[in-house]
Amino acid sequence: SLDGQRESLPKIEISEDKLKEVDRVVLDKPPATGAGHRQTIELKKQGEDAWQLSSPVTAKANAANVKSMIESLPKLKLTEQISGNKAEYEQWGVSDDKALHATFYKGDEKVADLYFGEDGSRGQMTRLADKEGVYTVSGFSKWLFERDASGWRDKTMFKFEDKDAVKVSIDNKHGAFRFEKSGDAWTGKHGKTAAALAPLKDLQSSKIDDLLRAYKSLAAMDF
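What you see is a predicted model; the values in this text were computed from it and never measured. Along each chain, the written sequence defines residue order, and numbers are assigned to residues from 1. The model is predicted, so local features are restricted to residues of pLDDT at least 70 and side-chain atom pairs to those at 80 or more, both for listing and for counting; the totals for chains, interfaces and linings are taken over all residues. With hydrogens and water excluded, all non-hydrogen atoms of the structure serve as input to the side-chain values.

Caption draft 1: Highlighting a nonpolar patch on the surface. Residues enter patches when they are more than 30% accessible in relative terms and free of salt bridges; like-charged ones are connected within 9 Å and nonpolar ones (Val, Leu, Ile, Met, Phe, Trp, Tyr) within 5 Å. In this description, accessible areas are obtained by the Shrake-Rupley approach with a 1.4 Å probe, and a residue is regarded as covered only by the protein chains that are shown. Put simply, a salt bridge is a Lys or Arg side-chain nitrogen that is within 4 Å of an Asp or Glu carboxyl oxygen. Taken together, M157, F158, F160 and Y215 make up a surface patch of nonpolar side chains, about 390 Å² in accessible area. To qualify as a helix, a DSSP run of H or I must reach at least 4 residues; to qualify as a strand, a run of E must reach at least 2; elements of each kind are numbered from the N terminus. Following the sequence through the fold, M157 ends up in strand β10 (residues 156-159). Only protein chains enter the accessibility calculation, which uses a 1.4 Å probe; a residue whose area is less than 20% of its type maximum is buried, one above 50% is exposed, and one in between is partly exposed. Overall, the relative accessible area of 52% leaves M157 in the exposed class.

If you want it as structure tokens, here you go:
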């Protein structure tokens, strides 16, 4: 029976403890256009919840993205064996040069070593590094694994609590603006330069609150 065949398939078994101990991830990606060089993305754990992108550039990583990818591993289940022949690896996109190769480490120990290939009508093609054969797998979310280097970076430019701000200074083509908070209300001054400020009449405090809400969690779109 089909259920019997599935029971005989290899298992991707990763304990909860092993999952929490993953401290390095290496993603070896094929070129997006099918031509060019493969790209290696390496992510390393820094402390309890922080991650760093160490290749192809060194930068703070988006820890939530890394966590989501790692926590998706227990959802991966092999559902069917497509082929047991190595000669068919390229046909199904799981060969070394075509597959997305994802390796998860605890120190030098490999926790999971997976190759993801074509995603067609029969499902997501996959092979395990320690097993010969091509399989379909369920539970695979391509977008969790296929981000480019920019997609793994923490795009936060800065964060602050807008309610904690008590002063705002702006200099633009309209001159110099200075705002200060007293209680729940704002007062402001304006002038052509910072040396020629005069009180602003009929200032709407809500406008300053809107400005702070827009900037309190400023993030980059790309790098």
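Continuing now.
Caption draft 2: Highlighting the pairing of strand β1 (residues 24-29). Paired strands, as defined in this entry, are two strands with at least two bridges between them according to DSSP. Relative to strand β6 (residues 100-106), β1 is paired through five bridges, and the arrangement is antiparallel. Across the sheet, residue L27 finds its bridge partner in β6, namely A102. Two strands pair when backbone bridges link them, and β1 and strand β2 (residues 39-46) are joined in this way by six bridges, in the antiparallel orientation. Bridge pairing in β2 links V26 to E42.

Caption draft 3: Local environment of the nonpolar core. V25, L43, L73, F104 and F145 are the most contacted members of the largest nonpolar core, which totals 32 residues. Tallying contributions element by element places strand β7 (residues 109-120) first for this core, with four residues. The residues touching V25, leaving out its near neighbours within four places in the chain, are I41, E42, L43, W51, M69, I70, T103 and F104. Think of a nonpolar core as a cluster: buried Ala, Val, Leu, Ile, Met, Phe, Trp, Tyr and Cys residues, connected wherever their side-chain atoms sit within 4.5 Å. Contacts are assigned to residue pairs that have any heavy atoms within 4.5 Å of one another.

Caption draft 4: Seen up close, the sheet that holds strand β11 (residues 167-172). Spatial strand order, β11-β12-β13-β14: four strands in an open sheet with antiparallel pairing. Since the sheet does not close on itself, it has two edges, and those belong to β11 and β14 (198-199), each with one partner. Pairing between strand β12 (residues 175-182) and strand β13 (residues 185-191): seven bridges, direction antiparallel. Looking at the pairing, S182 lines up with A185 of β13. Seen against the sheet, helix α6 (residues 205-215) touches β11, β12 and β13 and runs at an angle of roughly 90 degrees to β13. Angles run from 0 to 180 degrees between N-to-C directions of axes, and those axes are lines fitted to C-alpha atoms, restricted for helices to the stretch in contact.

Caption draft 5: Structural context of the packing of aromatic side chains. To pair, rings of Phe, Tyr and Trp, with the six-membered ring standing in for Trp, must have centres within 6.5 Å; the planes then decide the type, stacked if under 30 degrees apart, edge-to-face if over 60, and tilted in the middle. Within the structure shown, the criterion is met by six aromatic pairs. With centroids separated by 6.3 Å and ring planes inclined at 85 degrees, the aromatic side chains of F104 and F145 adopt a geometry described as edge-to-face. Here F104, found in strand β6, pairs with F145, found in helix α4 (residues 142-145); they are 41 residues apart in sequence, far enough to count as distant. Take F104 and F145: they sit in the same class, and that class is buried.

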